[in-house]
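# Coordinate inspection notes
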There are 2 protein chains.
Amino acid sequence: MADTLIGRRRSILQETRCQTCSLSSLCLPLALEVDDMDQFDAIIRRRAPLKKGEALFRQDTPFSSVFAVRSGSLKQVTTEGSGEDQLTNFYLPSELVGLDGIDEQHYPGTVVALETTTVCEIPFDRLDHLAESMPELRGQLYRSMSKELRDDRRMMRLLSRKTADQRLASFFTSLSERFRRRGYSPYSFRLSMARADIGNYLGLAVETVSRILGRFQTQGLVAVSGREVNILDLPALTRLAEEEGAH
Amino acid sequence: MADTLIGRRRSILQETRCQTCSLSSLCLPLALEVDDMDQFDAIIRRRAPLKKGEALFRQDTPFSSVFAVRSGSLKQVTTEGSGEDQLTNFYLPSELVGLDGIDEQHYPGTVVALETTTVCEIPFDRLDHLAESMPELRGQLYRSMSKELRDDRRMMRLLSRKTADQRLASFFTSLSERFRRRGYSPYSFRLSMARADIGNYLGLAVETVSRILGRFQTQGLVAVSGREVNILDLPALTRLAEEEGAH
DNA sequence: CGCCTTTTTGACATTGGTCAAGAGAAGTGG
DNA sequence: CCACTTCTCTTGACCAATGTCAAAAAGGCG
């Protein structure tokens, strides 16, 4: 009884409950029964929203939790020795951040909000404990990691076999698809990241990104104005993305 | 009693038991108690050794098991639509193959033996079932996947920020380190893969691989004769590998 | 409104790919 | 065991894609 009240109160004040979260069908609790979802819900910690530029966690910090993005977006950046930073990932709502920290027990990169962003913190030890008795949750966790592995392989393919044009086309079609799955327009969206971030992520110089965006525009593939993007010819963009650079 | 006999017999005939496997300290059963290891052992299936060029499994085949490499080596190759093949990974003894198939329930690439190779087959449903009651095993499984994620990020960094020389240097130092961890010489080893495989993996043309190997040789970094490699100046190679290409 | 950051554009340099050809290795069958 | 075929690897000449440097234009924020 008290529990329910607290639960209700929390949901009103902070909208923290998975049951009422519009992302639950894409997120970890996917496929959990009501009872299980309640338990899962109970281990989640709310965080104050991150402001643009704020870090969710920093590289080499001890690993303790994974995070589900609730709204906004983030980038993961790794610094290595002398080298420049490398942007290894962008995270959108419902995606899980921090899974690559499990192995070495610290986060292998700094994760920074690209805009105002809210996340659910999921302490990993408690998640694992829960997973012990919930095969569904366990499966979902495996799947999340496995999916990330597959995405990484796709990225490796992009980096080693695609031309700059194809990389940009892939970037746009992939974003478009991710927005679509989350119920947003796949044709019209706002980039939360700078050109420099895109270039870093795709392994291209900023200037190249800028030039190719210009070319896409004159080719009638997209209309870009600052960070506002309108995809005009998705099929053509998809075709381009799926071609492969000579080599 | 009968169990023990069968167990013994199996171990003599096929050397399948984890307890007697020299890799157990690097492999999944790492950190399992004796009892747990016996149970783990029981779910493992032996396979006939693969001959050079034989496939362990093919792309898009239904996912059912992960595999631990026992001896030899393999490569994973993904074909995508019209594009050329992309070599996404090499696997050495004690490494786990197939984890990226969990999510979509089929293998995202074909895995082929580079030489005579033996593997342990671990049916995934049984592994997961066991993981339910063995937190150690569960942890080990998470760690394996997480490590692969980290390795992938390193690879992405290599592909997007390193010059051809730095890539080759990384390739050699990484191989060297992997051999060292497995108790082999870090200075002298045999490449089981062709130059074309190395090039494909590193995102370089075969010719470039060949040329740079030649240059490394005249610089006194390595001595290469066919697939026989002697690392002459590991520190220098490491330095080179850790530099980062302009950009 | 002015400063600072982000983006665009231009000129030029460099890395690494492509094509072509030849030298070695290695597997195959007589 | 050798001759033949077929890969695999190396080398050279040339070229295209993309990076670098420089500077101007456009945005965004206090």
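Predicted, not measured: the structure shown is a model, and the values here were computed from it.

## Description of the domain arrangement of chain A
All names here are of chain A.
- Each assigned domain of chain A is listed here: domain 1 (18-157) and domain 2 (162-242).
- Using C-alpha coordinates to define each centre, domain 1 is positioned 25 Å away from domain 2.
- Between domain 1 and domain 2, the residue contacts involve 19 residues of the former and 15 residues of the latter.
- Note on domain 1 versus domain 2: buried area summed over both sides is about 1500 Å², and carbon and sulfur give 55% of it.
- Counting the surface domain 1 buries against domain 2, the share from its top three residues, Phe90, Leu92 and Met155, is 38%.
- At the junction of domain 1 with domain 2, the criterion picks out 3 salt bridges.

## Quick look at unusual backbone geometry
- Although it is not a glycine, Gln105 of chain A sits at a positive phi angle of roughly 65°.
- The topology assignment puts Gln105 of chain A in the loop between strand E6 (96-97) and strand E7 (110-113).
- A relative accessible area of 45% places Gln105 of chain A in the partly exposed class.
- The residue Ser94 of chain B is not glycine, and still its phi comes out positive at about 85°.

## Observations concerning the packing of helix H5 (residues 164-181) of chain A against helix H6 (residues 195-202) of chain A
Residue and element names in this part refer to chain A.
- Between H5 and H6, the least distance of the axes is 11 Å, while the angle of their chain directions is 110°. As judged from the angle between their axes, H5 and H6 are roughly perpendicular. Regarding H5 and H6, the two cross each other, and that crossing is right-handed. For the pair H5 and H6, the contacting residues are Arg167, Leu168 and Phe171 in the first and Ile198, Tyr201 and Leu202 in the second.
- Looking at the contact of H5 with H6 residue by residue, the classes come out as 5 nonpolar, no polar and 1 charged.

## Points about the environment of Leu127 of chain A
Residue and element names in this part refer to chain A.
- One can find Leu127 in helix H3 (residues 124-133).
- As for Leu127 and Leu137, which are separated by 10 residues in sequence, their C-alpha atoms are 8.8 Å apart.
- Apart from the residues lying within four places of it in its own chain, the contact partners of Leu127 are Leu28, Phe40, Ile43, Val66, Ile122, Leu137 and Leu141.

## Notes on the side chain of Thr118 of chain A
Residue and element names in this part refer to chain A.
- Tracing the backbone shows Thr118 in strand E8 (residues 118-123).
- On the basis of relative accessibility, which here comes to 15%, the residue Thr118 falls in the buried class.
- There is a polar contact of 2.8 Å between the side chain of Thr118 and the side chain of Ser71.
- The residues contacting Thr118, other than those within four sequence positions of it, are Pro49, Ala68, Val69, Arg70 and Ser71.

## A word on the packing of aromatic side chains
- Applying the stated criterion across every chain, the model contains 22 aromatic pairs over all chains.
- Among the aromatic side chains, those forming a connected cluster through ring pairs are Phe57, Phe63, Phe67, Tyr107 and Phe124 of chain A together with Tyr142 of chain B.

## Some remarks on the UniProt feature "domain: HTH crp-type" (unreviewed entry) in chain A
- When the UniProt feature table is mapped to this numbering, "domain: HTH crp-type" (unreviewed entry) covers residues 162-235 of chain A.
- Spanning residues 162-235 of chain A, this segment combines 55% helix with 15% strand, and its end C-alpha atoms are found 18 Å apart.

## As for the nonpolar core
- Counting residues in each nonpolar core, the largest one holds 76 residues, and the members touching the most others are Phe40, Ile122 and Leu127 of chain A together with Phe40, Leu74 and Leu127 of chain B.
- Among residues more than four places away in sequence, those in contact with Phe40 of chain A are Cys18, Leu28, Pro29, Leu32, Ile122, Leu127, Leu130 and Leu137 of chain A.
- Membership of the second largest hydrophobic core comes to 74 residues, among which are Val224 of chain A together with Val209, Leu213 and Phe216 of chain B.

## Examining the sheet that holds strand E4 (residues 74-78) of chain B
- A sheet is described by the order of its strands in space; here 4 strands give the open sequence E2-E7-E4-E5 (chain B), paired in antiparallel fashion. Looking at strand neighbours, the two that pair on one side only are strand E2 (55-57) and strand E5 (86-91) of chain B, the edges of this open sheet. Put simply, the sheet's adjacent strands are angled 30° from each other on average, direction ignored.
- In the sheet, E4 of chain B pairs with E5 of chain B via 5 bridges, with the strands oriented antiparallel. What sits directly across from Thr78 of chain B, in E5 of chain B, is Gln86 of chain B.
- Relative to the sheet, helix H4 (residues 135-161) of chain A contacts E4 and E5 of chain B, its axis offset from that of E5 of chain B by approximately 120°.

Reading the values: rules and limits
Starting from 1, residues in each chain are numbered consecutively following that chain's sequence as written. As they are written, the chains are lettered A onward and the ligands numbered 1 onward, keeping that order. In view of the model being predicted, local features appear only for residues whose pLDDT reaches at least 70, and side-chain atom pairs are presented and counted only at 80 or more, with totals across whole chains, interfaces and linings using the full set of residues. Side-chain measures here rest on the full set of heavy atoms in the structure, leaving out hydrogens and waters. Note that the domain bounds reflect an automated or database-derived domain assignment. When checking whether two residues touch, look at their non-hydrogen atoms; a contact exists if any pair is within 4.5 Å. Values labelled buried area give the accessible surface lost by two parts on being combined, using a 1.4 Å probe and summing over both. Salt bridge, as applied in this entry: a Lys or Arg side-chain nitrogen positioned within 4 Å of an Asp or Glu carboxyl oxygen. Each helix is a run of DSSP H or I of at least 4 residues and each strand a run of E of at least 2, with the numbering of both proceeding from the N terminus. To sort residues, take the accessible area from a 1.4 Å probe on protein chains only and compare it with the maximum for the residue type: under 20% means buried, over 50% means exposed, and anything in between is partly exposed. An axis is simply a line fitted to the C-alpha atoms; with a helix, the fit covers only the stretch in contact. Between two such axes, the angle follows the N-to-C directions and lies from 0 to 180 degrees. Oblique is the label for any angle not covered by the other classes, which are roughly parallel (under 35 degrees), roughly antiparallel (over 145) and roughly perpendicular (65 to 115). Handedness of a crossing follows from how the near helix is turned relative to the far one, being left-handed for an anticlockwise turn of less than a right angle and right-handed for a clockwise one. Each residue gets one of three labels, nonpolar for Ala, Val, Leu, Ile, Met, Phe, Trp, Tyr, Cys and Pro, charged for Asp, Glu, Lys and Arg, and polar for the others, Gly among them. Polar contacts, as counted here, are pairs of nitrogen or oxygen atoms within 3.5 Å of one another; within protein the pair requires one atom able to donate a hydrogen and one able to accept it, and residues that are adjacent in sequence qualify only if both atoms are side-chain atoms. Here a pair means two rings of Phe, Tyr or Trp (six-membered ring of Trp) with centres within 6.5 Å. Their orientation is stacked below 30 degrees between planes, edge-to-face above 60, and tilted elsewhere. UniProt positions are given in the numbering used here, feature names are shortened, and annotations may be inferred rather than shown by experiment. Working definition of a nonpolar core: buried Ala, Val, Leu, Ile, Met, Phe, Trp, Tyr and Cys residues. They are joined through side-chain atoms within 4.5 Å. Strand pairing follows a simple DSSP-based rule, namely that at least 2 bridges must link the two strands.

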